Structures are given as structure tokens and as C-alpha cells.
Amino acid sequence: MASSHATPDCAPLMKATSHGVFQGDSPLHYALPLVILQMCLVLVLTRVLAYLLKPLRQPRVVAEIVGGVLLGPSALGRNKAYLHTVFPPRSITVLDTLANIGLLFFLFLVGLELDLNSLRRTGKKALCIAMAGISLPFILGIGVSFILIGTISGGVDEGPFIVFMGVAMSITAFPVLARILAELKLLTTDVGKMAMSAAAVNDVVAWILLALAVALSGTGRSPLVALWVFLCASGFVIMCSFLVPRVFKWMSQRCPNGEPVDELYVCMTLGGVLAASFVTDTIGIHALFGAFVVGVLIPKEGAFAGALVEKVEDLVSGLFLPLYFVSSGLKTNVASIKGARSWGLLFLVIFTACFGKIAGSVGVCLVCKIPFMEALAIGLLMNTKGLVEIIVLNIGKDRGVLNDETFAILVLMALLTTFITTPLVVAVYKPAKTPSNSEYKHRALDRRGSSTSAFRMLVCFHNVRNIPTMINLIEVLRGTGKREVLLVHAMHLMELSERSSAILMVHKARKNGLPFWKKDTHSGSDQIVVAFEAFQQLSRVTIWPTTAISAVSSMHEDICSGAESNRAAMIILPFHKHLRLDGQLETTRAEYRHVNRKVLEYAPCSVGILVDRGFGGTSHIAASNVNSLVTVLFFGGHDDHEALAYGARMAEHPGINLIVARFLLNTSRASTPGSVTIDIKESTTTETQSADNDIINEFKKRFETKSNTVKYEERAVSDASETADSIREYGRSNLFLVGRMPEGEVVEFLKKNSECPEMGPVGNLLISPSFTTAASVLVVQKYHAPLSLHSLASLKEDETTDWVDTG
């Protein structure tokens, strides 16, 4: 691979490694140092471009195509000295070989992420959209090909050229579409699901058409050769479909969930991919097909497929794949598009490609009674081109089917159609509006009264670690279930990374519209689903699962819009730290703290942040076995009223013992030497105190008959240490309920330096390393529009400096 065959210009062979500068060798005359320089150049340029295009919400593939074109003869390559130094003709074979190896494994990954079972379940609508989105552009592509043959592509082999043009026009890039949908937060909408299903079908059909095009583009031999190629390829696919699933099923049974995958199996798989590629190349339909076919046929159940993606992906898509775009960019010379006629043809090709895709998809959508704006959005999304398009064009160029000018026109068409997708979809499609305020009455639990409508909660979690405590919390919050139904929307927060395996998450989000709930028989592999399904069967709680896939920076938008559309009265978020074995809290991910702060600021209802110290143990407890002590620390103010309302709801559960501890200022000792003198406006204090008294009296009245399980205590304290000591006395509790921003005189003692200002003064005390307790903590913020200035200030405080874990 390191030394290349002599290129047609009879250049001498390149040796692999140099002896070094001090021996008089220039490293750029040797294959290895040169290819390293090329790789570094490509990586830096594509990453910088991706960063610059991020504000425009463009997928990374756009930056990679542009980067490739810039490095080629269209831009930097106009400087011949640069082109002959960095990309000399002798080095192109090595570069192409490496690029194609990367591409081979990348297409294996794309195949791995295409689930044949979900394709079989594709609805009739999506199937019709896919077919219309292929056939109309294909027909128009054939029409355009005749115009091109008459102008700039004269003398080419007509049959292959017509098929290549049809395929180039009709492709939809499935991986790129997934990225755009996730970026626009449309994955779980009807439009997103429809576009994804149609694009998956489109992808498979495009590969079949491409195989046909390649089979036809033999070097002018008899038509029988093309027939032989096609028959052998079909035989290869049939043989693989018998062998591959059986072999990999056997392998995945030997790779249990949660265990590392045996290195031997990974090695066998990668070897198998290369062997399949060799076979398809020998047949004459390009090595890429073998890799793609193996990827598609590997069973997606179990941990094996996921482990393969993790092992192969970063190296392939991060390092080798950008080389392919450069290899393509070196063949693209935009300068070859000269004169009004060529630019006119470019415009014609772009218009035809867009018109064919959009008109075909929109027409079928309207027949299927999909509203016009949604239909237009689907049409625009189906117009996404990407890597597969570039592959088609490169194969056509290598086979001599496309000349320089046609190739440059088609590359620009692919680039432009992908570039315009995001802005046009944003302009055209606005997802369904959230319910009006008149419908959304219950945004908090406090003052809910004897409402009989369902009590709705949005419970968020990042991973399996959060689940047991969340389920036990839902269990105690369901009350007795006599008056109302508890509806829980469980939202799995998944980060949208820059990796291609984001598509695996997309598949999860597409499952039957109930994202992480698989209704098929293989659902046993997903611990999250099992946990929630078991709980739903044991209790009378309705749980709706959803998945939010987005970048961490915009995750709060998904949570807030999810709460609003589901009319939730409470959002429960996991704290950004988890419990270590030594009992201390350790930061899980600092970014999750940013998410929590944003949700507290913009939430359309009350919010609770759960500090998980194993409430109820590590598994779900049956209702009859629940025996927990819950303590509400009551100081006063709106947030404490909400915390008390949650305590009261929990107290209805037969297995909960509730203590409400109200902290009051000990006026007789408050002015002792060394104590803090607090200056508070009298009017607000008396107003708050009377509201607090009303709430407490109401609570006492409600639970006077349950004196054996509900206790109310008042604690008179005069300074911070006394307050902290009093709170420590309740350390044996299983759960503390506290308001985020309590009000009143006593709280002023606690308002010192705090590690996490968003948790409020009492919450900070309960999570500080000096406070030893095994109790979980639920910090509650009552919905209040707008938030008080004091409350907002706590969310902004230390936002830049306090990301270090001092726990």
C-alpha cells in the first residue's frame, strides 16, 4: 500500500520512508511522510470549516466536501507549486488506496446502522414517498443526460452515462438526513419519522441501482459481460444473506450484554469485510458493495453490532473518511465550468435534481392527505445529498463515464442541494404549536386542589444509573391512586455526538413512535425498557417513553418543549453528580449542570432536581414493601410550599412516613453576640409568614387523622450552626424534600458560599461533603412566571468558574 504503481506519466516509484533531512532526503519525496502531511492538512481544514459552518447548522459532510474541493485544483491547486509538492501525481495512488480503505469500513458502518427489520415495517406512505422520490428524479436525470450528451459529454458510452445520471439525481443521503433532522429537533415528529423511513428505503434502492450502473459500465465488451457481472453479484448477495446472519448470530450469543466483545470476533468481522470487498471487486462491481452488504446483513440485536461501531468508527470517520473527500476534490476542477452554456447546464442540473425530488415527494404526500407544509418539508429533506452521491460520481469518473466538466457540475449540485436543506426546512416547517395556556392549567402541584384531571410528570434520565431511584420516586408520588391518574412521560436524554452512530440513536427514536419502547420480541435486551415495563404492570401508573436526541447545549429546549406539549406539572431532572462508593458525590458530566440550570430558568412548570443516593435501594420495590421516611424541611416561600405539597402527596402512600420540620427564628436568642443581624422588609416578611401559616394549617388539618405516619415539628433556631445541627438530626431519612429558594429569616443564616448556587442554600447544605447522610434529596422549584430576580441570580452565579468538582 505504501508504494504505488507507476502512474501513466511513468513517474518513478515512491519509496515508503525517508532517511531524514540530515541525510539529504526531502520527506515529501517519500510516500509515508507525504501521506501523513496530507492527512494532517485535511483534518485541520475540514475541522475548521465544520466549526465555521456550525452556526449555519450545516452537517459536517458539507464542510468535508468543501474542504476537498478547496484543496484540489479548484482553489489552492491553482498554485501549481503547492499541487506538485503536497499532492504530486505519484502520491495519488497511495492517497486513493487509504481513502478507499476508510470508505470501505465507513460503508460497513452505514450498513450496520441500516436495520432491515425496520425497513420491512416501513409504512405504505413512506414506501410511496421513497418510490416517487426515486422514480421522478431518475426519469428527469435521463432527460438531462441526453441534453448533456448533446453538449459537454459527447463521445461517452451512452447506456452507463444515462444510468449514472439517473442514480446521481435520485439519491437521498440517509446518514446526512439523520444528522439534519436531529439538528432541527424533528426526529420524533411525524415529518422526521416519515422522511427517515423513506430515506432508508431510498438508500437501499440507490445501492441496487448503482450496482446496476457499475455492472453496465464495463469497458466496451459485449453485453453478456454486464449480465455475468450482475448475475455473480446477485449470487454473492444471496450467499451472504444465508451465511452472514447465521455466523454473526452465533458470535453475538457469545458476547453477553455488558461484557467486552472478544477481540477475536472483531478481528474476524473486519477480515470478513475485507474478504467480501475483494470478492465484489473481483466480480467487477466495486469493493464498497461487499463491505456494505456485510454491514446490512449483520443482526442488529444484542451488544455485538454496537460494540463493532464503537471500535471501528472514530478512526474511520475521523481520520480516513476525510481523505476520500480530498481524493474526490482533487478530481473536481470548478474552473472547467466555463462560459454561459456550462453555467446554464449547472443551473439546469440543480433545478432538475431539486424539482424531481421535491415534486415527486410532495405529490405523493398530498395524495396521502399530508398537509402541504409538512409535505414540502418532507420533499426538501428528501433532497439531501451527501457521501453516497460523491461515491457515485467518483465511481463514474473512475470508469470514464463522467468527464471533468460533468463531474464538477454534479459535485456542485450535490453540495448546493445539501447546503440549502437546513435553511429551507427551517423557513418552511414549524412543528405543531404547543397547547394553549387555557388547556395548560396545572403547572404546579401546590394549590392544585381536588382536581380530578391526570397528574402529569416529565421524568428525565441520562442512563441506566438514574432509573431505580426515579422509579421508586414515581412509586411514592402516585399517592393512593383513588382520585386521579398519574401520567409519567419518561424522557431518555441522549447526546447527539458528531459520530455517525448517532444514526443508531435515530433508529431508537423512530421505533413505532414510542421511542425507546420496542414492541417486538427482542425488547429484553434493553434494561431501561424492562425496568419501566415491569413497573407499569405492577402499578397503576401510565408511562409514556420518549427520547430526546440533541447536543448538550440545546438539551434544555427538548425538555421544556416536552413538558409543555405534555402539559406536565413537574419536571424531574437527575443531579449532575452521582454517588461514589465512599459516599461522596462525584461529577458525572459538568455539562449536565448547564442543562439543569437552563431548565430551571425556562421551565413551563415546577422543576425538581434529584440528588440520587439510592432512594429505595437499587431495584424497584413493590408497593406493599415500601417503607421510607421522607422529611420536608420547611422554611417558607413559594418553593417550600411546593415541596410540602409533594410531601403531602407522598404521605398518601401507605408505606411512607412523613416528617415536616418547620424552622422558625428563635427571637429570644437571635441577637446573642456574634450572631447575624438580618434586615428584611417588614411587609414582605409578614405577608410571606401569613401565607406559610395558612399552608401549614391546611396541611395539619388534612393529616390530623394520620398522626401515626405524618408528624409535624417546629424548630426554633438562632444561627447557622444551630440550623445545620437541627437538619442533621433528620439524617436518618430516606428522602429530603426542600424548596430551591426558600424565604424567611432563618434561611439568611445558610446563604453563605455555595458550591452549586442553583440548588439553593438548603440543597447545598444537604449535598455538601461535611453533611453525612444516605438520604436522597429532591430540590423543588415552584413554577412562577417570571422567576424572581433572586432566583434568576442564583442560576447565573458562578456559571463560568464553578465547574470544578469540589465534592
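Residues numbered from 1 in each chain as written. Predicted model: local features only at pLDDT ≥ 70, side-chain atom pairs only at ≥ 80, totals over all residues. Heavy atoms only, no water.

1. Regarding the environment of V779
- One can find V779 in strand β12 (residues 776-781).
- We classify V779 as buried; its relative accessible area is 2%.
- Spatially, the C-alpha atom of V779 lies 9.2 Å from that of M741, the residues being 38 residues apart in sequence.
- Each residue touching V779, except ones within four places of it in the same chain, is listed here: V607, G608, I609, V738, G739, R740, M759 and G763. (Helix = DSSP H or I, 4+ residues; strand = E, 2+ residues; numbered from the N terminus. Buried < 20%, exposed > 50% of the residue type's maximum accessible area, 1.4 Å probe, protein only. Contact = heavy atoms within 4.5 Å.)

2. Structural notes on the side chain of S317
- With respect to the element layout, S317 can be found in helix α13 (residues 304-329).
- If near-sequence neighbours (up to four positions away) are discounted, S317 is found in contact with R60, E64, F106 and P322.

3. What about the side chain of E722?
- When you line up the elements, E722 lands in helix α25 (residues 720-728).
- Engagement of the side chain of E722 in a polar contact is seen with the side chain of S718, the distance being 2.8 Å. (Polar contact = N/O pair within 3.5 Å; in protein donor to acceptor, adjacent residues only side chain to side chain.)

4. Observations regarding a nonpolar patch on the surface
- On the surface, V44, V48, Y51 and L52 cluster together into a nonpolar patch covering about 450 Å² of accessible area.
- Looking at the secondary structure, you find V48 in helix α1 (residues 31-53). (Patch = residues over 30% accessible without salt bridge, like charges linked within 9 Å, V, L, I, M, F, W, Y side chains within 5 Å. Areas by Shrake-Rupley, 256 points an atom, 1.4 Å probe, with all protein chains shown as cover. Salt bridge = Lys/Arg side-chain N within 4 Å of Asp/Glu carboxyl O.)

5. Some points on the pattern of salt bridges
- One pass over the full model with this rule turns up 10 salt bridges.
- Across the pair K331 and D398 runs a salt bridge, and its minimum N-O distance is 3.2 Å. Separated by 67 residues along the polypeptide, K331 in the loop between α13 and α14 (339-367) and D398 in helix α16 (residues 387-398) bring together distant segments of the chain.
- Ionic pairing is found between E495 and R589, a salt bridge with its closest N-O pair at 2.6 Å. Here R589 lies in the loop between β6 (585-587) and α22 (590-602) and E495 lies in strand β2 (residues 486-495), a separation of 94 residues in the sequence.
- A single network of salt bridges, built from pairs that share partners, joins E495, R589 and E591.

6. Concerning the nonpolar core
- Residues F87 and I391 are the most contacted members of the largest nonpolar core, which totals 160 residues.
- It is helix α9 (residues 190-216) that provides the largest number of residues to this core, a total of 16 residues.
- With 50 residues, the next largest nonpolar core counts C560, A563, I609 and L633 among its residues. (Core = buried A, V, L, I, M, F, W, Y, C linked by side-chain atoms within 4.5 Å.)

7. Examining unusual backbone geometry
- Even without a glycine there, the phi angle at R57 is positive, about 60 degrees.
- Mapped onto the fold, R57 is located in the loop between α1 and α2 (60-71).
- Classification of R57 by relative accessible area gives partly exposed; the value is 34%.
- The phi torsion at K369 lies on the positive side, around 65 degrees, for a residue other than glycine.
- Along the polypeptide, K369 turns up in the loop between α14 and α15 (372-382).

8. Describing the packing of helix α18 (residues 467-477) against helix α23 (residues 638-651)
- Where α18 meets α23, the closest approach of the two axes is 7 Å, and the angle between their N-to-C directions is 80 degrees. Comparing the axis directions of α18 and α23 gives the class roughly perpendicular. Contacts between α18 and α23 involve L473, V476 and L477 on the former and, on the latter, Y646, R649 and M650.
- The class makeup of the residues in the contact of α18 with α23 is five nonpolar, no polar and one charged. (Axes fitted to C-alpha atoms, helices over the stretch in contact; angles between N-to-C directions. Parallel < 35°, antiparallel > 145°, perpendicular 65-115°, else oblique. Nonpolar A, V, L, I, M, F, W, Y, C, P; charged D, E, K, R; others polar.)

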